[in-house]
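# Structural features, examined
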Amino acid sequence: MINLLQYIIEHLIIVIIATVISVGIGIILGIIGYWIRPLASPILLFSEAVQTIPTLALLAILMILFGLGNTTIISGLVLYALLPIVRNTHTGLVSVPPAIKEAARGMGMSKLQRLFWVELPLAFPLIFSGIKISVVNSLSIAVIGVLIGSGGLGYPIYRGIQTQNLNLIMSGAIPIMIMAILFDYLMSVIEKRLSRHAK
Amino acid sequence: MNFIAFIYEHHAEILTSLLKHIYLVVFSVAIGILFSIPAGILLSRHKKTAEKILAVVGIVQTIPGLVMLGLALILFGVGNTPALVVLSVYSVLPILRNTYTGLTEVQPGLIEAGRGLGMTSTQLLFRVELPLAVPSIISGIRISTVYIVSWAALAGLIGAGGLGDLIWTGLSTYNTNYILAGAIPSAVLAFLFSGLIGGILRFVTPRGLRGNAA
C-alpha cells in the first residue's frame, strides 16, 4: 500500500514537471508563431510530426541521448504535450477579435502590453483546454516510462505483466484511470468557468 | 558507419518486423473501420444513448495501452491474438467518434433539401449524409492509424513481433543499433500512413467543402 502511494506520487510528479515545462515552451512557441507569421506553420508542423512518432520509438531514441531514468520520460512527455498547447495558444491568439486588438493599440499599448494584458488573457480559456488534453495524455503515456527505467505507476503494471498478476496490474492501472478522469473533470469545470468569464 | 553495417547484416530481420508491423496496423484498423462506421451510423440515429456510449468508450480509452496489453496477455496468452484484440479495440474510438460527429454535424437544411427531393432515408444516408461525413470519418481513421502504429510497437512486449520487438531487444540489451533499427522505421511508417491518409482525405472531400474543411 505504502509502495503504491509512492508510485502514485512519483507518477504525478513526473507528469506535473513535464506539463509545467511543456506549457512554458508551448506558449512561447505559440506566441512566436503568432508574432512571426511565416514561422507559424513550421512550428505547428514540427509539433504535429513529434506526436506522430510512435511513443516507444521516441522514448527509446531519447534514452540513447539521456540514458535511463526520469529525465528521459519527462523530455518525452514534454515533446508529446507540445502539440495541443502550441496549437491552442496559436488559435487562441489569432482569434482575438481585431476590434479589441485595435482598441488596445488605440490606448497606446505596446506590443508586449497588448500580449500580456489583452491577447493572452482572452486566449487563456483555449490554452487551458490544450493543457487539459496534454495532462490527460501524459498520465497514460508516463506508464511506458517504466520500459526506459523511470519510476511511477508503470512499474507495478509492468511487474504485473511479467508475473501475469492481474491484481498487480490493476493496482497500477486503477489509480491512473481515476487520476485521468478526475483531472479531466476538474479541468473541464475550470475551463467552463474561464470561458464564461471571457465572455 | 556501424549502424549501416548493422542494417545490412540484419536486413532480413528488420524487413520481417516491418511487414509484421504493417500487418498488425492494417488488420486492426480494418477491424476498427468495419465496426465503427456502422456503429457510428447507428449511434447518430439514437443521439441520447450515443452520448452515454461515447462517454463509456472514452473511459475505456483512458486505460493505458500497457495495461490493456497486460490484460490481453493474461486472458489470451502470448502472441498475435491478444495484440490484435487490443489494437482493434483501440482503433475504434477515434473512428466511431468522428463518424458520429461527422453525421450529426450535417446541416439540417441539407437533409431537409434531400427529403424535399423525395429521397428515402436510406438514400439520404448514402447520397447526402455519408458523403458529407466522409472527411470527418477519414480523419478519424488517420488518428486511429497513427495511434495504432504507436501501440503496435508496444505489442512487441507481449510477443506479437513487429518493430517493437527490435526496440525492445535494443532496450533490454542496451544495443543502440537495435533501438534505431526499430525506432526509425516505425516513425517513418507513422509519417507515411499519416501522409497517405491525408492525401486520401484531400481527394475524397466533397468539392463544396474544400477550402473550409481541415
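Throughout what follows, the structure given in this document is the object of discussion. (Residues numbered from 1 in each chain as written. Chains lettered and ligands numbered in written order. Predicted model: local features only at pLDDT ≥ 70, side-chain atom pairs only at ≥ 80, totals over all residues. Heavy atoms only, no water.)

### Things to note about a nonpolar patch on the surface
Nonpolar side chains collect at one region of the surface, where L5, I9, I13, I17, I21 and I25 of chain A lie side by side and expose about 500 Å² of accessible area between them. Locating I25 of chain A in the fold gives a position in helix α1 (residues 2-35). (Patch = residues over 30% accessible without salt bridge, like charges linked within 9 Å, V, L, I, M, F, W, Y side chains within 5 Å. Areas by Shrake-Rupley, 256 points an atom, 1.4 Å probe, with all protein chains shown as cover. Salt bridge = Lys/Arg side-chain N within 4 Å of Asp/Glu carboxyl O. Helix = DSSP H or I, 4+ residues; strand = E, 2+ residues; numbered from the N terminus.)

### Details of helix α8 (residues 163-173) of chain B
Burial in α8 of chain B covers these residues: L163, G164, L166, I167, G170 and L171 of chain B. Taken end-on, α8 of chain B shows its buried residues confined to a sector of 160 degrees, consistent with a single buried face. For α8 of chain B, exposure combined with an orientation more than 90 degrees from the buried face picks out S172 and T173 of chain B. Lining the buried residues of α8 of chain B we find α3 (55-66) of chain A together with α2 (11-45), α7 (121-155) and α9 (176-204) of chain B. Of the residues trailing α8 of chain B, Y174 of chain B is marked for its positive phi of about 50 degrees. (Buried < 20%, exposed > 50% of the residue type's maximum accessible area, 1.4 Å probe, protein only. Arc of directions from axis to C-beta. Contact = heavy atoms within 4.5 Å.)

### A short note on the side chain of N177 of chain B
Residues and elements named next belong to chain B. The topology assignment puts N177 in helix α9. The buried category is assigned to N177, whose relative accessible area is 18%. What N177 contacts, discounting residues up to four positions off in sequence, is N2, F3 and F6.

### Some words on unusual backbone geometry
Located in the positive-phi region is Q164 of chain A, a residue other than glycine, with phi close to 50 degrees. Secondary-structure assignment places Q164 of chain A in the loop between α7 (154-162) and α8 (166-198). The backbone of Y174 of chain B sits at a positive phi, close to 50 degrees, despite the residue not being glycine. Structurally, Y174 of chain B is set in the loop between α8 and α9. Of the residues examined, Y174 of chain B reaches a relative accessible area of 47% and is grouped as partly exposed.

### Digging into the interface of chain B and chain A
Facing 31 residues of chain B, the contacting portion of chain A comprises 33 residues. Counting the surface lost from both chain B and chain A, the interface buries some 2800 Å², and carbon and sulfur atoms represent 85% of this. Along the contact surface separating chain B from chain A lie 0 salt bridges. Listing elements by their share of the side of chain B that touches chain A, those giving two or more residues are α4 (65-76), α7, α8 and α9 of chain B. Here the side of chain B that touches chain A gets 9 residues from one element, more than from any other, and that element is α9 of chain B. When the residues that make up the side of chain B that touches chain A are grouped by side-chain class, the tally is 24 nonpolar, 7 polar and no charged. (Buried area = accessible area lost by both parts, 1.4 Å probe. Nonpolar A, V, L, I, M, F, W, Y, C, P; charged D, E, K, R; others polar.)

Any functional reading would require information that these geometric values do not contain.
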